[in-house]
Amino acid sequence: MAFESTLEMSNGVAKITLSGELDAGSAPQFKSTVEEAAGQGAKRIALIVPDLEYISSAGLRVLVFARQKMGKGIDIYLIGAQDQILDPIKQSGLLHSLYTAETYDASTIETV
Amino acid sequence: MISRIDTHPTHEYKGYKLRAGKLQPFGATLVPDGVNFSVFSMHATSCTLLLFNKGANEPLIEIPFLDQFRIGNVYAMTVFDLPYENIDYGFRFDGPWEPENGHRFDNTKILSDPYAKVISGRDVWGRTPDWDKPYPYRSRLVIDDFDWEDDRPVEIPIEDLVIYEMHVRGFTKHESSGVHVRGTFDGLREKIPYLVSLGVNCVELMPVYEFDEFEHSKRSPDSDELLMNYWGYSTVGFFAPKAGYAATGKFGMQVDELKNLIKELHANKIEVMLDVVFNHTAEGNERGPYISFRGIDNKTYYILTPEGYYYNFSGTGNTLNCNNPIVRGLVLDCLRYWASEYHVDGFRFDLASILGRDQFGAPLSNPPLLEQLAYDPILAKCKLIAEAWDAGGLYQVGSFPAYGRWAEWNGKYRDSIRRFIKGDKDLVGDMAQRIMGSPDLYATRGPTASINFACCHDGFTLMDLVSYNEKHNWNNGENNNDGANDNHSWNCGWEGETDNPDINALRFRQIRNVASILMTSQGIPMILMGDEVGHTQLGNNNMYCHDTETNWFDWRLTEKNADLLRFFQHIIAFRRAHPVLRNRYHLSQSDYIGSGYPDISWHGTQAWNPDWSANSTALAFMLCGKHARGGQAQDDYIYVAMNTYHDALWFNIPQLPAGMQWHMSVNTSMPSPQDIWALGDEPVLGEQQNILLGNHSVVILVGR
């Protein structure tokens, strides 16, 4: 399945929806979306990923980039990740930098 | 702002933009808009950089280093606009083929970077390689962007360490481990609570540098088992973590996964020590493969005979030329990298005596490499531990050049405690030295120079030490000729596993005896993974080649031998609670603070009257708590009595100062849970003057 990423701003939260396979070929697209979110002054980032099927090391690197680009004061949420996405994130230590949730709860995440 | 002019390409080669590179650091380094490649060779006549798409057999491009890109013996070039996350790289060197002069250049070989931070090719453990691949061990680039937060090395004082020697894969590969991805760094991370409950505060990881588990692999002549390089004492890349140990190795994320493990160990106050193998490489002798050094500059990197063959002080085919200034630089760069990038707390050097040999193989009195490591500012807080011997006959236990920094695996402690507990004669005097931290060996270095152990990966497990008189290495396919013959083991009456309850009781008692003596000896105790639960290797004392359940930690033993595990947990807690057991400086056997008792006093079946004769099988000692840490700490008094005789013996206990009483902490002849008492729960001893020790048993009393 081809990779897609969309950005929607909601009450200061950048909701980035990812689907398909996030690999070396698609990682630059994801990176651009993160940069766009930063440019729009996002106070939080929510990565909506239930339809993300695969993440490669290049994709994981963009998560690191996102963490560093946004700075420590801005929380990043990972919403609805499947095990094959969550496992490498956990094993490589990136989970320390993220919050995870099964579903997007606006009452929690959009309380900025 | 005007951008820097030194980050622009100045040359072009077949569409690739280039400029003369930075000579240092060596290896491949990400620089603005490009990658800097720098590699040394003294005797090459030219060098070419090869770039590949990840995993591809054919290179994308071969870029020769232009003449103006070489300064001295270093070839350096920056290549711009590389998709560095999807690139493998290697080198091709031209130079003389003159084996008799030490030169083995072969420009048909693609060579890995000696400084490669990631090496691909064995990404998933045990996956059969494509043997025809022209470039099997592939250098890759790494991005050092791991988020360490506030982590840094733990810096536990060395006298407070309890070391746990372990194999990353073997710890969780067994089905019973229950971890998410078995046999990996991440699996080990999941088991950190177990290490915390055991009480160890340092893990010594057997080699985690990239190695090839398929090196010399073969089918066992007696079974269908594929014999492999399981231990990993044969380095392919000194700067690269073993990808096959990472659940994320298939993503190329092994760097992050290992760092994550170290970070979480540190968060639990557990140090990480790496077992490093600088004495040789996986290139073997003249019949071995070209991986890196042989084709880059054979004469610089290896110790060679006058005829150009490889000296074999390591017993594995070649010997790294560690006191050549270039190789010294490599070793130093490597250790600095692990200390700074991975926050590693210390190193144990395999066959470290080789590091003290000169370029012709002769032992040096003042080896520059060892001195340099001892005084290095980045390694200043790292523990440096030597396996102070090599396969070429150099045995330096007690005499390893230490520079006030180096500790040693104390092979004499191992031999003495093994012989002592089985009741060998003429051992009590020697054992007294070992218990005091071996002042006979380390008079000026203190007890912290002594890493005390009874068992390590090399040899019998502790359970096998008390279950076998002889090694049983037939499964190794070497006609039982491999492995040590001088094991000082005792099978307690039957060779191997038995249903005899008396023999089994004696074996478990002997294990407890070893643990008790080890944890009450001055110096640094080290235990082998699995010894705390009675792991057996079925009498094999050289399990380097078995990736099987016999080698893996069987987590069911934590329940089957829960009593033994409980004993280890309590005896480790006992050591960590009593500073009088963990002195930095040698005991003086005198009273220098006026307590009325020497810091350590020796006893036998009669108090104050030890029997030092050759036939003695009874020894006891008392530590005066007021002398703990040179009188700087206050502690209980501790009395340890050891009976290695085959019958029970009465021991007369030394009298405590007025108002104090002896409490029972350990009695290895008692069934669990009376074999050891939790801290603070030790019952007062009813009879304060004498105590009966069962045959082959140890008692520890606490005076307070």
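In this text, all values refer to a predicted model and were calculated from it rather than measured experimentally.

Rules behind the numbers
- Residues numbered from 1 in each chain as written.
- Chains lettered and ligands numbered in written order.
- Predicted model: local features only at pLDDT ≥ 70, side-chain atom pairs only at ≥ 80, totals over all residues.
- Heavy atoms only, no water.
- Helix = DSSP H or I, 4+ residues; strand = E, 2+ residues; numbered from the N terminus.
- Buried < 20%, exposed > 50% of the residue type's maximum accessible area, 1.4 Å probe, protein only.
- Contact = heavy atoms within 4.5 Å.
- Phe/Tyr/Trp six-rings, centres within 6.5 Å; stacked < 30°, edge-to-face > 60°.
- Lys NZ or Arg CZ within 6 Å of the ring centre and 35° of its normal.
- 1 Å grid on protein atoms, 1.4 Å probe; cavity = no way out; pocket = protein on both sides within 12 Å on 5 of 7 lines; lining within 4 Å.
- Points joined across faces, edges and corners; volume = space filled by probe spheres on them.
- Nonpolar A, V, L, I, M, F, W, Y, C, P; charged D, E, K, R; others polar.
- Domains from an automatic or database assignment.
- Buried area = accessible area lost by both parts, 1.4 Å probe.
- Pairing = 2+ DSSP bridges.
- Axes fitted to C-alpha atoms, helices over the stretch in contact; angles between N-to-C directions.
- Expected span 1.5 Å × (residues − 1).
- Salt bridge = Lys/Arg side-chain N within 4 Å of Asp/Glu carboxyl O.
- Polar contact = N/O pair within 3.5 Å; in protein donor to acceptor, adjacent residues only side chain to side chain.
- Lys, Arg positive; Asp, Glu negative; His and termini not counted.

### Here's the deal with unusual backbone geometry
Residues and elements named next belong to chain B. With an omega dihedral of 5°, the bond running from Q24 to P25 counts as a cis peptide bond. Inspection of the secondary structure puts P25 in the loop between β2 (16-20) and β3 (27-31). Here the residue pair S672 and P673 is connected by a cis peptide bond, since its omega of 10° sits within 30 degrees of zero. With respect to the element layout, P673 can be found in the loop between β30 (662-667) and β31 (690-693). Despite not being glycine, S438 shows a phi value in the positive range, around 55°. Of the residues examined, S438 reaches a relative accessible area of 0% and is grouped as buried. Positive phi outside glycine occurs at N480, with the angle close to 60°. Relative to the helices and strands, N480 is located in the loop between α10 (462-465) and α11 (501-520).

### Some remarks on the side chain of N323 of chain B
Residue and element names in this part refer to chain B. Take N323: it is sitting in the loop between α5 (293-301) and α6 (325-341). Judged by its relative accessible area of 5%, N323 falls in the buried class. Apart from the residues within four sequence positions on either side, N323 is in contact with R328, L355, G356, R357, Q359, L364, P367, P368 and L369.

### Observations regarding the packing of aromatic side chains
Residues and elements named next belong to chain B. Inspection of the entire model under this criterion finds 54 aromatic pairs over all chains. Pairing Y302 with Y310 gives two aromatic rings, centres 5.3 Å apart and planes at 80°, and the pair type is edge-to-face. Judged by its relative accessible area of 1%, Y302 is buried. The buried category is assigned to Y310, whose relative accessible area is 7%. K242 extends its terminal NZ or CZ atom over the ring of F211, reaching a point 4.7 Å from the ring centre. The cationic tip of R294 hangs over the ring face of Y290; the distance from NZ or CZ to the ring centre is 5.5 Å.

### Observations regarding empty space enclosed by the protein
One simple way to see leftover space: roll a probe sized like a water molecule over the atoms. On inspection of all chains with the given rule, the structure shows eight cavities of 30 Å³ or more. Listed by contribution, the elements that provide at least two residues to the lining of the largest cavity are α2 (57-70) of chain A together with α4 (254-267) of chain B. A per-class count over the lining of the largest cavity returns nine nonpolar, two polar and five charged. Within this model, the second largest cavity holds a volume of roughly 170 Å³. Lining of the second largest cavity is provided by 16 residues; of these, H167, L528, M529, Q537 and N551 of chain B occupy positions nearest its centre. Looking at the lining of the second largest cavity residue by residue, the class counts come to nine nonpolar, seven polar and no charged.

### Structural notes on the domain arrangement of chain B
Many analyses report the size of an interface as the accessible area lost when the parts associate. Residues and elements named next belong to chain B. Under the domain assignment, chain B is made up of domain 1 (5-140), domain 2 (160-457 + 523-532) and domain 3 (588-703). For domain 2 versus domain 3, the separation of C-alpha centres amounts to 36 Å. The interface is formed by 13 residues belonging to domain 2 together with 17 residues belonging to domain 3. Summing the contributions of domain 2 and of domain 3, the shared interface buries around 1200 Å²; its carbon and sulfur component is 70%.

### Some details on the sheet that holds strand β6 (residues 61-64) of chain B
Strands pair in a sheet through their backbones, by hydrogen bonds, and they do so in one of two ways: parallel or antiparallel. Residue and element names in this part refer to chain B. The five strands lie next to each other as β6-β5-β9-β13-β12, forming an open sheet whose pairing is antiparallel. In this open sheet, the two edge strands, each paired with only one partner strand, are β6 and β12 (118-120). Strand-to-strand, the axes of this sheet are offset by a mean angle of 35°, without reference to chain direction. When strand β5 (residues 46-53) meets β6, the two strands line up antiparallel, connected through four bridges. If you follow L51 over to β6, its bridge partner there is I61.

### What to know about helix α13 (residues 562-577) of chain B
Compared with the 22 Å implied by 1.5 Å per residue over 16 residues, the 22 Å span of α13 of chain B between its first and last C-alpha is a close match. Within α13 of chain B, burial applies to L564, L565, F567, F568, I571, I572, F574 and R575 of chain B.

### Things to note about α5 of chain B
All names here are of chain B. Within α5, eight of the nine residues are buried, which leaves the element mostly enclosed by the surrounding structure. Looking at α5, one finds that the buried residues are F293, R294, G295, I296, D297, N298, T300 and Y301. Buried residues belonging to α5 abut β4 (34-40), β9 (87-94), β11 (103-104), β19 (235-241) and α6.

### So, the environment of I503 of chain B
Residues and elements named next belong to chain B. Here I503 shows up in helix α11. Sequence separation between I503 and G237 is 266 residues, and the spatial gap between their C-alpha atoms is 47 Å. Excluding its chain neighbours within four sequence positions, the residues that come into contact with I503 are N491, C492, G493, W494 and T498.

### Points about the environment of R294 of chain B
Residues and elements named next belong to chain B. If you trace the backbone, R294 turns up in helix α5. Linking R294 and R104, residues 190 residues apart in sequence, is a C-alpha distance of 6.6 Å. Dropping the residues within four chain positions of it, R294 is found in contact with R104, E283, G284, N285, E286, G288, P289, Y302 and Y310.

### Side note on the layout of surface pockets
Residues and elements named next belong to chain B. Of the voids in this model, the second largest pocket is the one considered here, and its volume is about 680 Å³. Forming the walls of the second largest pocket are 33 residues, and the residues nearest its centre are M463, F508, G534, K560 and N561. Among the secondary structure elements, those contributing two or more residues to the lining of the second largest pocket are α10, α11, α12 (557-560) and α13. When residues in the lining of the second largest pocket are grouped by element, the largest group, six residues, is from α11. Considered class by class, the residues forming the lining of the second largest pocket number 10 nonpolar, 13 polar and 10 charged.

### Thoughts on the interface of chain A and chain B
The partner chain B presents 21 residues to the 19 residues of chain A that form the contact. Together chain A and chain B conceal approximately 1700 Å² of surface at their shared face, both sides included; 50% is due to carbon and sulfur atoms. By the criterion of area lost to chain B, the three top residues of chain A are R61, Q91 and H96 of chain A, representing 41% of everything that side buries. Across the contact surface, chain A and chain B share two salt bridges. Between R61 of chain A and D256 of chain B there is a salt bridge whose closest N-O contact spans 2.7 Å. Here chain A is connected to chain B by eight residue pairs in polar contact (both at pLDDT 80 or more). For the side of chain A that touches chain B, the secondary structure elements donating two or more residues are β3 (44-55), α2 and α3 (83-91) of chain A. Per element, the largest residue contribution to the side of chain A that touches chain B is six residues, and it comes from α2 of chain A. Looking at side-chain class alone, the side of chain A that touches chain B contains seven nonpolar, eight polar and four charged residues.

### As for the side chain of K471 of chain B
Residue and element names in this part refer to chain B. Note on placement: K471 falls in the loop between α10 and α11. Although K471 is buried, it forms no salt bridge, and the closest oppositely charged side chain is D482 at an N-O distance of 5.6 Å. Only 3.2 Å separates the side chain of K471 from the backbone oxygen of N480, close enough to count as a polar contact. A polar side-chain atom of K471 sits 3.1 Å from the main-chain carbonyl oxygen of G483. Setting aside chain neighbours within four positions, we find K471 in contact with F460, N480, N481, D482, G483, A484, N485, N487, G539 and N541.

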